[in-house]
Amino acid sequence: MKRYPNVANLSRVASFIPINVDIKLPMSERLQGIATFVATVEAGSFAAAGARLQLSRSAVGKTIARLEARLGVRLFHRTTRSQRLTEEGQLYYERCRRALAELDEAGSALEAGRNAPVGKLRLSMPELLGRRCVTPLLLALGGEHPGLAFEIAFTDRRIDLLEERIDLALRSGPLDDSALLAARPLCHQWMGVYAAPAYLASHPRPANLDQLLAQRDQHSYVAYARDGSGIKPWLFHDADGRVVSFDIRSRFACGSLEVVADAGVAGLGLVRIPTWLAAPLLRSGLLVRVFDEPQAFGYQLTAIWPQARVIPLRLRVTIDRLLEQLPALLEAT
């Protein structure tokens, strides 16, 4: 299992928490409210925590108030518009989060000893890739294991797995460093330049990357622009494996690769899309590949999940299934 490179841990380690816990209380009473408190910190407000826990805002507030009374400290600074942790609240949160993580890992260790995966996995993945390629694999896996459940969020936005309680995410392209996440490369999404036959009938067809660079101003381009981050250059490998950046002036830009492909079919210009997305359009004759590249260029697709000493069986079998079957769907060049 590949781990992300280590970076500084931003959480302070608390060796002392100045609170007055009555250790004579039964354990069940001493644990009451901890999960609600942690959820409130991570959700950012009582209302958001209530939505996550399926409780009213008032119920969350009362639970926190009872916890504060039992501990003898104030955990939050509250105003009419916001709330933030006190110093004692921050220290208590760090301890509670570690304790809950230990409980989760204990449950995972028990599950890992079972013969069949059970429980729910919350997943996040790019929308088009998820719908077209990943979901069919998960449906088949769920059919084989009746105790396995999936909750899938399709988004091209890069979310915080810990904050949004995601068990597994698929990411395309470079990853940020994190000491809190583990990663496993799955395969590559190889890219190609495509156009509609009618478009090429009325424009010069470049035979290679050098000719495309020379004909830059003679073509229209359709660009993929994700998350409002602007139009990125097209990247290629030259014959020596060096990365070549090609800046485009797009006639049409969209945050959906599916729409980009449709724009190419409509003859709006050259498109650069994954080969797996282009394959059925090539077979039907709606698109043609403009030229073969000396070395394929692609973006690595990676599975990432919150770091844990024990990987739950439901997570392990899902990653194994993706690693086993997804490359054959995506890696054709």
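About the cut-offs
Residues numbered from 1 in each chain as written. Predicted model: local features only at pLDDT ≥ 70, side-chain atom pairs only at ≥ 80, totals over all residues. Heavy atoms only, no water. Helix = DSSP H or I, 4+ residues; strand = E, 2+ residues; numbered from the N terminus. Buried < 20%, exposed > 50% of the residue type's maximum accessible area, 1.4 Å probe, protein only. Contact = heavy atoms within 4.5 Å. Areas by Shrake-Rupley, 256 points an atom, 1.4 Å probe, with all protein chains shown as cover. Salt bridge = Lys/Arg side-chain N within 4 Å of Asp/Glu carboxyl O. Pairing = 2+ DSSP bridges. Right-handed = clockwise from strand over helix to strand, strands pointing away. Arc of directions from axis to C-beta. Axes fitted to C-alpha atoms, helices over the stretch in contact; angles between N-to-C directions. Parallel < 35°, antiparallel > 145°, perpendicular 65-115°, else oblique. Left-handed = near helix turned anticlockwise from the far one by under 90°. Nonpolar A, V, L, I, M, F, W, Y, C, P; charged D, E, K, R; others polar. pLDDT = per-residue confidence, 0-100.

1. Brief notes about the overall build of the chain
Working step 1: A tally of regular secondary structure across the chain gives 11 helices and 14 strands.
Working step 2: Within the chain, buried positions represent 41% of all 333 residues.
Working step 3: Taking all contacts inside the chain whose residues are at least 6 apart in sequence as the whole, residues at least 24 apart take part in 76%.
Working step 4: For the chain, the accessible surface area stands at approximately 17,700 Å², while carbon and sulfur atoms represent 52% of it.

2. Digging into the pattern of salt bridges
Working step 1: Per the stated rule, a full pass over the model turns up 15 salt bridges.
Working step 2: Across the pair arginine 321 and glutamate 144 runs a salt bridge, and its minimum N-O distance is 2.8 Å. Here arginine 321, found in helix α11 (residues 313-330), pairs with glutamate 144, found in helix α6 (residues 127-144); they are 177 residues apart in sequence, far enough to count as distant.
Working step 3: By relative accessible area, which is 13% here, arginine 321 ends up buried.
Working step 4: Each of Glu127, Arg131, Arg132 and Glu258 takes part in one network of salt bridges that share partners.

3. Examining the pairing of strand β5 (residues 148-154)
Regular strands show a simple pattern: their side chains alternate between the two faces of the sheet.
Working step 1: As judged from the seven bridges shared by strand β4 (residues 119-125) and β5, these two strands associate in the parallel manner. When the sheet's bridge partners are listed, arginine 122 is paired in β5 with glutamate 151.
Working step 2: Between the parallel elements β4 and β5, the chain passes through α6 in a crossover that is right-handed.

4. Overview of helix α9 (residues 257-265)
Working step 1: For α9, the full list of buried residues reads Leu257, Val260, Ala261, Ala263 and Gly264. Buried residues of α9, seen end-on, are gathered within an arc of 155 degrees and therefore sit on one face of the element.
Working step 2: Directly after α9, the chain includes glycine 267, whose backbone phi takes a positive value near 85 degrees.

5. Points about the packing of helix α2 (residues 34-43) against helix α3 (residues 46-53)
Helices that pack against each other are described as a pair by the angle of their axes relative to one another and the distance between those axes.
Working step 1: Interaxial distance between α2 and α3 falls to 8 Å at its minimum, and their mutual angle equals 120 degrees. Looking at the two axes, α2 sits oblique to α3. Remark: the crossing between α2 and α3 carries right-handed chirality. Residues Thr36, Ala39, Thr40, Glu42 and Ala43 of α2 pack against Phe46, Ala48, Ala49, Arg52 and Leu53 of α3.
Working step 2: Split into classes, the residues belonging to the contact of α2 with α3 amount to six nonpolar, two polar and two charged.

6. Comments concerning the confidence of the model for the chain
Working step 1: When pLDDT is averaged along the chain, the result is 84; 86% of the residues meet or exceed 70.
Working step 2: Averaged pLDDT values for the elements of the chain fall to 42 in strand β1 (residues 2-3) and rise to 97 in strand β13 (residues 288-289).
Working step 3: Within the model, pLDDT remains below 50 along residues 1-21, and this stretch shows 49 contacts once partners closer than five positions in the same chain are excluded.

7. Digging into the environment of alanine 169
Working step 1: Looking at where alanine 169 falls in the secondary structure, it is placed in strand β6 (residues 168-172).
Working step 2: By relative accessible area, alanine 169 is classed as buried at 1%.
Working step 3: Note: C-alpha distance between alanine 169 and arginine 158 (11 residues apart in sequence) is 9.3 Å.

8. Section: the packing of α6 against α11
Working step 1: Look at α6 against α11: their axes get within 10 Å of each other, and the N-to-C directions meet at 135 degrees. The angle between α6 and α11 falls in the class oblique. In the packing of α6 onto α11, the handedness of the crossing is right-handed. Touching Leu129, Cys133, Val134, Leu137, Leu138, Ala140, Leu141 and Glu144 of α6 are Val317, Thr318, Arg321, Leu322, Gln325, Leu326, Leu329 and Leu330, all from α11.
Working step 2: In terms of residue class, the contact of α6 with α11 is made up of 12 nonpolar, two polar and two charged.

9. Focus on unusual backbone geometry
Working step 1: If you check the backbone angles, arginine 165 has positive phi at about 55 degrees while not being a glycine.
Working step 2: Looking at the secondary structure, you find arginine 165 in the loop between β5 and β6.

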